Amino acid sequence: MSVFNQSRSRIIRLIFLVAFVIIIVQLFYLQVVEGKYRQLAMDNAVFQKIIYPERGIIYDRKGKAILNNTLIFDLLVTPAEVKNIDTLEFCRLMKMDITEFKKRINDARFKNTSVRPSIFEDLLTPEQQARFEENSWQFPGFAMVERPVRSYPFNAAAHILGYISEVNPKQIEASGNFYRMGDYKGQNGLESYYENVLMGQRGVQYLIKDNKNRLVGQFEKGAFDTSAIAGRGLKTYIDIELQQLAEKLMSNKVGGLVAIDPKTGGILAMVSGPNFNPNDLTGPEKSKNYSKMVLDVTGPMLNRAINGLYEPGSTFKPIGALVALDEGLITPAYGYPCGGRYVGCGSGKPACTHSGGGHSANLRAAIAYSCNSYFTHLYRLEADNPKYGNPKLGYLKWREYMNKFGLGVKLGIDLPSENKGNIPDTSVYNKENAGRWNSCTNLTLGIGQDKMQATPLQLANAMALIANKGYFYTPHFVDKIEDETADDSTIMNKFRVKHNVLTHIDDSSFRAVIEGMSDVVKFGTARVAQIPGIEVCAKTGTAETYTVLDNRRIKLPNNSMFVCFAPKDNPRIAIAVCVQNAGFGATWGGPIARILIEKYLNDTIQKKSVADVERISKANLMPAYFKRLQYKTDSVRAMDWFQKTKDSSYLERFTIEKNEPVSPIKRETPGSQKEHKKAVAMLPDEKYFRKPRTVKIA
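Per chain, residue numbering runs from 1 following the sequence as it is written. Predicted model: local features are reported for residues with pLDDT of at least 70 only, side-chain atom pairs are reported and counted for 80 or more only, and whole-chain, interface and lining totals are derived from all residues. Hydrogens and water are ignored here; the side-chain numbers use all heavy atoms of the structure.

(A) Quick peek at the packing of aromatic side chains. Only the six-membered ring of Trp is used, alongside the rings of Phe and Tyr, when aromatic pairs are assigned; centres must lie within 6.5 Å, and planes under 30 degrees apart are stacked while those over 60 apart are edge-to-face, with the rest tilted. This structure, assessed with the given rule, holds 24 aromatic pairs. Measuring from ring centre to ring centre gives 5.3 Å for Phe178 and Tyr179, while their planes differ by 85°; the resulting arrangement is edge-to-face. Note on classification: 1.4 Å probe, protein chains only; a residue is buried when its accessible area is under 20% of the maximum for its type, exposed when over 50%, partly exposed between these limits. Since its relative accessible area comes to 7%, Tyr179 is described here as buried. By the ring-pair criterion, three or more aromatic residues cluster together here, those being Phe316, Tyr379, Tyr395, Trp398, Tyr429 and Trp437. Only lysine NZ and arginine CZ atoms are considered, and such an atom sits over a ring when it is within 6 Å of the ring centre and within 35 degrees of the ring normal. In this structure, Lys646 is placed above the aromatic ring of Phe642, and the distance from its NZ or CZ to the ring centre is 5.7 Å.

(B) Region of interest: helix H10 (residues 240-249). In this description a helix means any DSSP run of H or I spanning at least four residues, a strand means any run of E spanning at least two, and both kinds are numbered starting from the N terminus. Of all 10 residues in H10, seven are buried; the element is thus mostly enclosed. Among the residues of H10, Ile240, Leu242, Gln243, Leu245, Ala246, Glu247 and Leu249 are the ones counted as buried. A 3.5 Å cut-off defines polar contacts: any pair of N or O atoms within that distance qualifies, except that in protein one atom must be a possible hydrogen donor and the other a possible acceptor, and neighbouring residues in sequence count only when both atoms are side-chain atoms. Where H10 begins, one side-chain oxygen reaches toward the backbone nitrogen of Glu241, 3.2 Å away; that side chain belongs to Asp239.

(C) Representation of the nonpolar core within the structure. Counting residues in hydrophobic clusters, the biggest one holds 133 residues, and the most contacted among them are Tyr194, Met270, Trp398 and Met402. Broken down by element, the residue count for this core peaks at nine residues, all from helix H18 (residues 456-467). Aside from chain neighbours lying at most four places away, what touches Trp398 is Phe316, Val323, Tyr379, Glu382, Ile423, Leu445 and Met452. Here, the term nonpolar core denotes a set of buried Ala, Val, Leu, Ile, Met, Phe, Trp, Tyr and Cys residues that are joined through side-chain atoms within 4.5 Å. Counting residues in each nonpolar core, the second largest holds 18 residues, with Phe73, Ile105, Phe132 and Met144 among its members. Contact criterion: two residues are considered in contact whenever any of their non-hydrogen atoms come within 4.5 Å of each other.

(D) A look at the packing of helix H13 (residues 317-326) against helix H16 (residues 391-405). Under this scheme, a helix contributes an axis fitted over its contacting stretch, all axes are lines through C-alpha atoms, and angles between N-to-C directions fall in the 0 to 180 degree range. Contact pair H13 / H16: the axes reach a minimum separation of 11 Å and the direction vectors enclose 120°. Classed by the angle they form, the pair H13 and H16 counts as oblique. In the packing of H13 onto H16, the handedness of the crossing is right-handed. Along its contact with H13, which presents Ile319, Val323 and Asp326, the element H16 presents Trp398, Tyr401, Met402 and Phe405. To sort the angles, those under 35 degrees are grouped as roughly parallel, those over 145 as roughly antiparallel, those from 65 to 115 as roughly perpendicular, and the leftovers as oblique. What makes a crossing left-handed is the near helix being turned counterclockwise from the far one by less than a right angle; a clockwise turn instead makes it right-handed.

(E) Quick look at the sheet that holds strand E11 (residues 255-260). Paired strands are those between which DSSP finds at least two bridges. Strands sit in the order E12-E11-E18-E17-E16 across an open sheet of five strands; the sheet is antiparallel. With partners counted over all chains shown, the strands left at the sheet margins are strand E12 (267-273) and strand E16 (537-549), one partner each. Taking the axes of each pair of neighbouring strands and ignoring which way they run, one obtains an average angle of 10° across the sheet. Bridge analysis of E11 against E12 gives six bridges, and the strand direction is antiparallel. When the bridges of E12 are listed, Ala259 appears paired with Ala269.

(F) Just the pattern of salt bridges, in detail. Any carboxyl oxygen of Asp or Glu that lies within 4 Å of a side-chain nitrogen of Lys or Arg is treated as forming a salt bridge with it. Going through the model one piece at a time under the given rule, you end up with 35 salt bridges. Its salt-bridge partner being Glu400, residue Lys404 comes within 3.6 Å of it at the nearest N-O pair. With Lys404 and Glu400 both in helix H16 and four residues apart, the pair spans about one turn of that helix. What makes Glu400 partly exposed here is its relative accessible area of 36%. Arg615 serves as the salt-bridge partner of Asp612, at 3.5 Å between the closest nitrogen and oxygen. Here Asp612 pairs with Arg615, and both are found in helix H22 (residues 607-618), just three residues apart, close to one helical turn. Relative accessible area serves as the criterion here: at 12%, Asp612 is assigned to the buried category. Accessibility expressed as a relative area gives 41% for Arg615, which makes it partly exposed. Bridged by salt links that share partners, the residues Arg364, Arg511, Glu515, Asp519, Lys522, Glu535, Lys568 and Asp569 form one connected network.

(G) Broad picture of the side chain of Gln458. Counting through the fold element by element, Gln458 comes out in helix H18. Under the relative-accessibility criterion, Gln458 is labelled buried at 0%. At 3.0 Å, the side chain of Gln458 forms a polar contact with the backbone oxygen of Val409. Here Lys420 takes part through its backbone oxygen, which lies 3.0 Å from a polar atom of the side chain of Gln458. If we ignore the near neighbours within four places in the chain, the residues touching Gln458 are Gly406, Leu407, Gly408, Val409, Leu411, Asn419, Lys420, Gly421 and Gln453.

(H) Structural view of the side chain of Gln243. Structurally, the position occupied by Gln243 is in helix H10. Gln243 sits in the buried class, given a relative accessible area of 0%. Not counting chain neighbours up to four residues away, the residues in contact with Gln243 comprise Ala156, Ala157, Ile160, Ile238, Ala269, Met270 and Val271.

Below, the structure written as structure tokens:
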């Protein structure tokens, strides 16, 4: 009997031991391995307050902060903690409807789970902040958190500096979950290109919550808190005073402007028109302002300085001259017998604005008088060069030169979304001409026309190459990164490489081109760029352009093109200006460039230029067809909205009243400001815009 009882006692002990071990293992798994319930307990008792870092500050070349930070508040929500609140009262305080409230709560759950804080309302106005602070105790699950946001003290350089906004799910996924909901990221401009430098590192503060979800103190005396680390700053080449002046001059105009220091490739100013105030994309009104600009057909958010495509026209001629010199096809003394038009291809086109009188007796004179025949012939010499065997191979060699000059390729500026322009491949001409073409097919490439298109940045860089007698540095804004590291050097090194494109050309050849550009200012078409005490070298260009609107091909006012550098013997600034559909190159581009050269080199402008600043800045040169295009685009959007929602409120202003007789729409001519009061809503044309095609240089 005793043996039996002893055996039973051992079995009972073994059962208890096994049960105890199972419980211990399970507790270990739940609390250490799984961690789920521990996390739930933490979520209920501890609030993780994200400390957003200040982004790095951006400075101009004189050390002025042109992009800074200011503090504002976001309202966060943790959906799982939003219980038994007065939703109507909350919506009244925040001035929103219940439908919007529910949508935001559901979005937070979907994007970031119910137990993690998400942004419910970003960038609160001071009024919203005050109202919520006073009543926050009524709304468990909601909390405010400070966020540094960007401020632009000079209200300038919007297209350069860019903007930041909250990351979306795709960006979070693309970052490998490095970014989290609520983080802000550079979306454009320097903010985007130098994101890793500017962003800094977020911190976390753990706070204890009581049973009513009120924050009552630090968790573990702050032992687990981490501090936010501010982003690093950027010192740029931008001259903010020059930038502000350039933006003023480009007011109410479409086009682009770039000013470069030829010796470094540092960009001193860059403007795209139409422009906007960068402060419009920060603060509580940013979403509203962004939507408005996106719907504007004039494209205020498009950086035309790096994305606008323009036929260079006569501004290209000095570049064509350098190719011919480098190929040994001409010398500076080379002349061409121009009688007023080019007859080498039998058509008598293109025409010249001069005839006789030795206006193309040599290279210098041909540049000074902008002889179309001379530079058309130079292109044909280059394409038909016998050492390449046939015009197609000669053309490919010419195209290779263009690419080396930075035309038809991306230069690699430190901004995203740069356009490469257009220098066509032979395949384009083969397709259009069934493979049968020669140098007469595209002879106007010699005067910057045909299919050639360039950005203002590329044209400014080409002027830097000429000013430097054969070399350039990749155009860029940032001179130095604060506390630069080895990784930063990898980013910056490409901007410190000297591109020796034509430095092997002898000085006398370059001198002929430079003296010719100087003569353009002294007695040619760029006399408007003369500055007392400063010798300016320049070239004007005026291109006729067309577009298609309402199924009609209409002629637009000319593009005003102007390129230059100064001083002649020690160039410190190179500029390209394009004012779209504004007239002759010397009418608008010339005075704008002259004023900027004066300001940069003299740190002041003469009395004549002060008057010109007021005249030019007040001149409204916005192309007239934009008004019609905006009307058509808005009507199509209204129709799309109606088809999706059956809401006709947006459509009504584009439709005629029932039984009202329909009058045909009077066709607009360029420059017409007449507004169409009544029109039937329209479906879009096959293309609203076709790229303007240049047909003549004046």
